[in-house]
Amino acid sequence: MTAFTPWPDDLAERYRAAGYWRGEPLGDLIRQHPSRLALVVGEKLLTYRQLDRRVDRLAAGLSELGVASGDRVVVQLGNTAGFVELSFALFRLGAQPIYALPAHREHEIGYLCDATEAVAYAVPDTVGGFDYRELARRLTGRVKQVLVEGDAEEFVSLADVSAEPTELPPVDPAGVALYLLSGGTTGTPKLIPRTHDDYLYNARASAEVCGLDADSVYLAALPAGHNFPLACPGILGTFAVGGTVVMAGSPSADEAYRLIEQEQVTHTAVVPTVALLWAEARAWQPERLDSLQLLQVGGAKLSADQAAQLRSELGAPLQQVFGMAEGLLNYTRLDDPADLVDRCQGRPLSLDDEVRILGPDGQPADSGELYTRGPYTIRGYYNAPDHNRTAFTPDGFYRSGDLVRRLPSGHLVVEGRVKQVINRGGDKVSAEEVEEHLRSHPAIRDVAVIALPHDLLGEQTCACVVADNPPSTKELAFYLRSRGLAAYKAPDRVFPLSALPLTPIGKIDKRHLLTLATDPEPRDP
Ligand code: OOB
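As recorded in an unreviewed UniProt entry, the protein chain goes by the name 2,3-dihydroxybenzoate-AMP ligase, listed as coming from Kribbella sandramycini.

As structure tokens, this is what we get:
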């Protein structure tokens, strides 16, 4: 079993010599700037000193519960103090959080627990009427220990996990600190091991490029366990410079506007869909956004027109971010002209990010599929040798599946993708995963899942089904929910047809399906 594929020794040495990898454990990040304000969650304010102490006590308490170095813990907390405290306590123990998204349900969580033999699963009590303790109960037998932030009922309350701090064994900064989830092209999500060294560099270098300093106030509006708000520069990048992190319970415009004005937020990150909703809400939200020094938009394509619209309606400086949990981050720079910011998705963060663009003939080109390797791009997914053979080249480049064009300035424009993923407003839906589930539906004989263009979400999920009595979207949503799948993976549209079109070599012709599904006068193939 290969939990983690290391970088080759010569490159690791180079990344250390260049000062990217500093041999520091992530858990130490909040030991500096003791008297500064680290975290704001609702009424709760924590200085770095207070946070540091709470984390030490939590780490000691977890250790008493049996959580040890190398153990994995599935973390599905919202944007709360518990999220930050538990993450840092695990970093200090050398135990590894696996960051699930709030929308994940028993299918995804069960898989994560099984695949990683996680020793614990951390959840909130209820959020928006959904009871995560119920979800934990449905996973009985697959989850060893459940930790709850809030009313724990029969489980262990995170607030009670506390003990006198003790000396903990040293943590290897070259080892895995945490696991992120991949956007996913496969039937099951892949786990992305990130080391202390690489992830700290990711956060620090991002903080620098985004102009964060000790006076910065970062609003975590997207779910904290996603790479973008976690470390691009996000929560960790803000801590690295001694700034303040403000947690938002949701990315809704009313909550974000209120927090931005109240806490004088300087930086925040959203997906295009959320940014467009914020712009629309400008009409009725009275709050001022003058404190915003940078609005980062990424995770899905923002068109030049939409960028210009955001710029004029929100009045905040804009940054485009094209990133991936696997590593490579592209940012437009603070001194890039507005016109360039609007029409590209940024350029690589690091001088040592190697970007290879290959045309359809497999030869280097200015436009084609993006391959990358570098000081914070993984060399392999967790325990996935077969998948790794195709997801990475023999010389260690990650095959992103994104189609890009390189401008003479080195900035990249994202033009499409070759991977079978629907980017639904920044939420990544694996076509293969949804197809696998739908294929087991009793009424469906054959199915192909494709992306359809959508004004607000960018893309929507369309299930092209061959069935005598095609199920409705509602029925499919219900069916997938009953199988424990996250709700965002349910198809937005069902396109019935009598047979799936095939390419000359007999593969399902998804391009043809797209034309058929978007044809105003559909004809069956
Ligand atoms: C971010 O990370 P993931 O892992 O959820 O998704 C990565 C994929 C990319 O391969 C690309 O297909 C798409 O999301 N993507 C974009 C994009 N940013 C990401 N497509 C078009 N334009 C963009 N600006 O999504 C992520 C990670 C860190 C920072 C920002 C986003």
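The next thing to look at is the environment of A275. Tracing the sequence through the fold places A275 in helix α10 (residues 272-281). On the basis of neighbour count, A275 is assigned to the buried category, with 26 C-beta atoms found within 10 Å. Linking A275 and E24, residues 251 residues apart in sequence, is a C-alpha distance of 35 Å. In contact with A275, other than residues within four places in its own chain, are V270, L295, V297 and L310.

Annotation from UniProt places "domain: AMP-dependent synthetase/ligase" (unreviewed entry) at residues 31-382. In this annotation, residues 31-382 is assigned 32% helix and 24% strand; the end-to-end C-alpha distance for the span is 30 Å.

All right, on to the UniProt feature "domain: AMP-binding enzyme C-terminal" (unreviewed entry) in the protein chain then. According to UniProt, the feature "domain: AMP-binding enzyme C-terminal" (unreviewed entry) maps to residues 433-507 in the numbering used here. With 23% helix and 33% strand, residues 433-507 has end C-alpha atoms that lie 17 Å from one another.

A cis amide bond links C232 to the next residue, P233, at an omega of -15 degrees. Within the secondary structure layout, P233 lies in the loop between α7 (227-231) and α8 (234-240). With phi around 50 degrees, E153 is a residue other than glycine that occupies positive phi space. With respect to the element layout, E153 can be found in the loop between β8 (146-149) and β9 (156-157). Judged by the 14 C-beta atoms lying within 10 Å of it, E153 is partly exposed.

Attention shifts here to the site of the ligand. Among the 22 residues in the neighbourhood of the ligand, the closest are listed as F228, G299, F322, G323 and A325. Every element with two or more residues in the shell around the ligand is listed here: α7, β16 (318-324), β21 (398-406) and β22 (412-417). Ranked by the residues each element gives to the shell around the ligand, the list is headed by β16, at five residues.

Its domain assignment divides the protein chain into domain 1 (48-172) and domain 2 (421-518). Measuring from the centre of the C-alpha atoms in domain 1 to the corresponding centre in domain 2 gives 34 Å. With seven residues of domain 1 at the interface, the matching set in domain 2 holds six residues. Its residues placed into classes, the side of domain 1 that touches domain 2 shows one nonpolar, three polar and three charged.

Bridge count for strand β1 (residues 37-41) against strand β2 (residues 44-47) is four bridges, and the pairing is antiparallel. Paired with L37 across the strands is T47, a residue of β2.

Before going further, it helps to spend a moment on the sheet that holds strand β15 (residues 294-298). In spatial order, the strands read β2-β1-β13-β12-β14-β15-β16-β17-β18; together these nine strands make up an open sheet with mixed pairing. Each edge of the sheet is formed by a strand with only one pairing partner; in this case those strands are β2 and β18 (347-348). Bridge count between β1 and strand β13 (residues 244-247): two bridges; the pairing is parallel. Across the sheet, residue L39 finds its bridge partner in β13, namely V245. Here helix α9 (residues 253-263) sits on the sheet and contacts β1, β12 (217-220) and β13; the angle it forms with β12, its principal contact strand, is near 165 degrees.

Parameters at a glance
- Residues numbered from 1 in each chain as written.
- Predicted model: local features only at pLDDT ≥ 70, side-chain atom pairs only at ≥ 80, totals over all residues.
- Helix = DSSP H or I, 4+ residues; strand = E, 2+ residues; numbered from the N terminus.
- Buried ≥ 20, exposed ≤ 12 C-beta atoms within 10 Å, placed from the backbone.
- Contact = placed C-beta atoms within 7 Å.
- UniProt positions renumbered as here; feature names shortened; annotations may be inferred.
- Near = placed C-beta within 6 Å.
- Domains from an automatic or database assignment.
- Nonpolar A, V, L, I, M, F, W, Y, C, P; charged D, E, K, R; others polar.
- Pairing = 2+ DSSP bridges.
- Axes fitted to C-alpha atoms, helices over the stretch in contact; angles between N-to-C directions.

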